[in-house]
Amino acid sequence: MGKTVIVYKTKYQSTKKYAERLSQKLDAPMLEADKIKLRDIKDYDTVVYLGGVYIGSILGFNFIKKNYTLIKDKKIIVGAVALTSKLDEAKQRLAQHNLTEEMKGKVPLYVLRGAVDYSKMNFIDRFLMSLLVKMEKKKDEKDWDEDTKALIESYGKSADFTDEKYLEPILKELNVQ
């Protein structure tokens, strides 16, 4: 498999939890995306990038995008950590919004379910979540999907949807079981 490195950017620790687990399984180092330079990953054959999803963007993914032409010879795998249970839909939207045209079809992207803990959120994130909940509550309850129900039920509390099973597609991509 060659040398692998886990690069991650986390805001509320779900992504770090996945990065730690992958690091253990792969015996690979973890590097925080906002603390590294391109030279820090030059000796690795594979870069697994993990980032939380905020308003449709993968946190810190610009590091990979802006350096892609310099690292495109490496195997790059992306894991986006989000609250949604609609993994396939999210994968399509996130790929469309985050991957460059050159990356599409070359850089696999997977969605891993995350967690939410309102007690740890900053003011802006709590405010944005309150707007989202208010907007969803205006809809007829019979139109709520499972994600909407979970969002409303967990509002103001904490909910952890992280599970090691969400790492399986990444491990399979790396030929590791």
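To start, this report covers the structure provided alongside it. (Residues numbered from 1 in each chain as written. Predicted model: local features only at pLDDT ≥ 70, side-chain atom pairs only at ≥ 80, totals over all residues. Heavy atoms only, no water.)

Digging into the pairing of strand β1 (residues 4-9)
And step 1. In terms of burial, β1 is a largely internal element, 5 of the 6 residues being buried.
And step 2. Pairing analysis gives 6 bridges linking β1 to strand β3 (residues 46-54), with the strands arranged parallel. Note on β3: the bridge partner recorded for Val-5 is Val-47.
And step 3. With 3 bridges connecting them, β1 and strand β2 (residues 30-32) associate as parallel partners. What sits directly across from Tyr-8, in β2, is Glu-32.
And step 4. The parallel pair β1 and β2, bridged by helix α1 (residues 14-26), forms a crossover whose chirality is right-handed. (Buried < 20%, exposed > 50% of the residue type's maximum accessible area, 1.4 Å probe, protein only. Helix = DSSP H or I, 4+ residues; strand = E, 2+ residues; numbered from the N terminus. Pairing = 2+ DSSP bridges. Right-handed = clockwise from strand over helix to strand, strands pointing away.)

Thoughts on the layout of surface pockets
And step 1. Reported here for the largest pocket is a volume of approximately 1,100 Å³.
And step 2. Along the wall of the largest pocket there are 38 residues; nearest its centre are Val-53, Ile-55, Leu-83, Met-129 and Leu-132.
And step 3. Elements with a minimum of two residues in the lining of the largest pocket: α1, β3, β5 (75-82), α3 (87-98), β7 (115-117), α4 (123-137) and α5 (146-154).
And step 4. Partitioning the lining of the largest pocket into residue classes produces 18 nonpolar, 11 polar and 9 charged.
And step 5. Estimated volume of the second largest pocket: approximately 160 Å³.
And step 6. Mapped by element, the contributors of at least two residues to the lining of the second largest pocket are α1 and β7.
And step 7. By residue number, the principal contributor to the lining of the second largest pocket is β7, which donates 3 residues. (1 Å grid on protein atoms, 1.4 Å probe; cavity = no way out; pocket = protein on both sides within 12 Å on 5 of 7 lines; lining within 4 Å. Points joined across faces, edges and corners; volume = space filled by probe spheres on them. Nonpolar A, V, L, I, M, F, W, Y, C, P; charged D, E, K, R; others polar.)

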